[in-house]
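# Structural overview
The chain contents come next:
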Amino acid sequence: MKEIAVLYSGGTDSTCAAALAAEGFERIHLLTYSRFGIFCAEHTDVNAAKLRDKFGKDKFVHRVINIDRLFRETSYSGYMPALVKHGFFLLTTCGLCKLAMHIRTLAYCLDNKISCVCDGANKNMDYSPDQMREFTEELKKLYSRYNIEYTTPVYEFSHPEDIGWLDKLGVPRLLDIKEKEGGADTTGDQLFKMGIFPRRNMKGTKEDRGMQARCFQLVLSNIFANWLYIPGRGLEKYKERCVGLYREKIAYFDGLISEYARNKTKSKLNRWIN
Amino acid sequence: MIKKILALIICSVAVILPWRLRIIYAEMLGWAAQAVTAAYFHIIRFLVKSLSSPENGGRT
């Protein structure tokens, strides 16, 4: 049976990735991760149900997996030397959290003999460490060492038009902006075209908030990046430093995963994920 | 400059916190940012509504 694991947050991008995967795979494992600080993981059921309605209920396996211990390790392993070397880059919580999710996904794939993984990473969010192309490339290399193919099917999709602050205020626009017709530029367009979403652009709406897990910790990462680092040294340097940190973290976890693959029950990783 | 100093203080506190406390600290900052944004929108929405009411000669 052709199977794939999807890192599933319940949002538009990962739902689109799962919907695209459903066209080429017989079983899709939707893996939602929870930990201390991630709230409303149950919201992810909303779009998982829509996917089941569209493609059949037996096609999807939806699991909510706790990654508390793993997240602690990605954030704090070798903390003092890392703090001296990388400084405030250790506050890039989203990237560290995503890394914990990928490590757990890799272990899940090894346990269930799944050879394909995808997620909803998108180029329009590439200022966030977890969506940087360089970071996803490093992850691809990590997965490939265990004969698993990691893809980012919605990476090149465009970003939808933001819901402007005038719309949020309820001020009528002078010019009506009609919803575009035709092709699928954004993940919302794609889901609309497939008949899964009722509208093309749901991002930023109340419905959007009601269908995915919630987490505010990106605020620390954003304060460091946008107030402190990027204004002085630029985005490229920021990306370079982030990737340097994540490359080291991935190398550390690579050792732990190979130990897990060799002897699961006695491995350190097994203790952290069970 | 004020932004930079504020960021430096916030990040210096965060970097020495253990994981659960750092998450709580980040959550509190997140809620504070949400509260500021919500207050801004409520005030502006109230002003726009008042200005567009018929008593002020605005369109309904």
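Our structure is the block above this text.
Keep in mind that this is a model prediction, so the values were computed, not measured. Each chain has its residues counted from 1, following the order in which its sequence is written. Chain letters and ligand numbers both follow the written order, the letters beginning at A and the numbers at 1. The predicted nature of this model means local features are confined to residues of pLDDT at least 70 and side-chain atom pairs, given and counted, to a pLDDT of 80 or more, with totals for whole chains, interfaces and linings taken over all residues. Note that the side-chain values use all heavy atoms of the structure and ignore hydrogens as well as water.

Across its full length, chain B carries two helices and zero strands. At 19 Å, chain B has a C-alpha radius of gyration far larger than the 10 Å of a compact globule built from 60 residues. Each principal axis of the C-alpha distribution contributes one length, and for chain B these read about 55 × 30 × 10 Å. Scored against the burial criterion, the 60 residues of chain B give a buried share of 27%. Put simply, DSSP marks the helices as runs of H or I at least four residues long and the strands as runs of E at least two long, and each gets a number from the N terminus on. We take the radius of gyration over the C-alpha atoms and set the globule estimate at 2.2 Å times the residue count to the 0.38 power. Relative accessibility thresholds used throughout: buried, under 20% of the residue-type maximum; exposed, over 50%; partly exposed, between the two (1.4 Å probe, protein chains only).

Take the pairing of strand β3 (residues 60–66) of chain A next. Pairs of strands are assigned from DSSP output, requiring at least two bridges between the strands. As paired elements, strand β2 (residues 27–34) of chain A and β3(A) share seven bridges and run parallel to each other. Counterpart to A:Y33 in the pairing with β3(A) is A:I65.

Whether two residues are in contact is decided by their heavy atoms: any pair within 4.5 Å suffices. The partner chain B presents 29 residues to the 28 residues of chain A that form the contact. Taken together, both faces of the contact between chain A and chain B bury some 2800 Å²; the carbon and sulfur share is 77%. Polar contact is the term for a pair of N or O atoms within 3.5 Å; when the atoms are in protein, one must be able to donate a hydrogen and the other to accept it, and sequence-neighboring residues count only if both atoms are side-chain atoms. For the interface between chain A and chain B, the tally reads seven residue pairs in polar contact (both at pLDDT 80 or more). Elements that contribute at least two residues to the side of chain A that touches chain B include exactly α3 (68–76), α4 (79–86), α7 (165–168) and α10 (218–233) of chain A. A per-element tally of the side of chain A that touches chain B places α10(A) first, with six residues. Basically, the charged four are Asp, Glu, Lys and Arg, the nonpolar ten are Ala, Val, Leu, Ile, Met, Phe, Trp, Tyr, Cys and Pro, and anything else, Gly included, counts as polar. Partitioning the side of chain A that touches chain B into residue classes produces 20 nonpolar, three polar and five charged. In short, buried area is how much 1.4 Å probe accessible area vanishes from two parts on joining, totalled over both.

Residues and elements named next belong to chain A. As summarised here, the arrangement of the five strands in space is β3-β2-β1-β4-β5, forming an open sheet in which the pairing is parallel. Sheet topology places β3 and β5 (149–151) at the edges, where each strand pairs with a single neighbour. Ignoring strand direction, the axes of neighbouring strands in this sheet form an average angle of 25°. Note on geometry: axes are lines fitted to C-alpha atoms, helical ones only across the stretch in contact, with angles between N-to-C directions running from 0 to 180 degrees. Contacting β2 and β3, helix α2 (residues 45–55) crosses the sheet at an angle of about 165° to β3.

What follows deals with the nonpolar core. Core analysis: the biggest nonpolar cluster contains 69 residues, and A:L70, A:I103, A:V117, A:Y143, A:F224, A:Y238 and A:L269 have the highest contact counts within it. Sequence-distant contacts of A:Y143, defined by excluding residues within four places in its chain, comprise A:L7, A:H102, A:T105, A:L106, A:V117, A:I148 and A:Y150. What is meant by a nonpolar core is a set of buried Ala, Val, Leu, Ile, Met, Phe, Trp, Tyr and Cys residues, joined one to another through side-chain atoms within 4.5 Å.

Moving on, we get to the pattern of salt bridges. Residues and elements named next belong to chain A. Salt bridges are defined by distance alone: a side-chain nitrogen of Lys or Arg within 4 Å of a carboxyl oxygen of Asp or Glu. Counting across every chain of the model gives 13 salt bridges over all chains. Between R133 and E137 there is a salt bridge; the shortest N-O distance is 3.8 Å. Of this pair, R133 and E137 both sit in helix α6 (residues 133–144), four residues apart, which is roughly one turn of that helix. Under the relative-accessibility criterion, E137 is labelled partly exposed at 33%. Here K140 makes a salt bridge to E137, at a shortest N to O gap of 3.7 Å. Of this pair, K140 and E137 are both found in helix α6, three residues apart, which corresponds to roughly one turn of the helix. Taking relative accessible area as the criterion, K140 reaches 25% and is therefore assigned partly exposed.

It is worth spelling out the packing of α10(A) against helix α1 (residues 2–15) of chain B at this point. It is the contact of α10(A) with α1(B), at a shortest axis distance of 9 Å, that shows an interaxial angle of 145°. Note that α10(A) runs across α1(B); the crossing there is left-handed. For the pair formed by α10(A) and α1(B), the contact residues are A:L220, A:I223, A:F224, A:W227 and A:L228 on the first element and B:K3, B:K4, B:L6, B:A7, B:L8, B:I10, B:C11 and B:A14 on the second. When its residues are assigned to classes, the contact of α10(A) with α1(B) shows 11 nonpolar, no polar and two charged. The sense of a crossing depends on the near helix, which, turned anticlockwise from the far helix by less than a right angle, makes the crossing left-handed and, turned clockwise, makes it right-handed.

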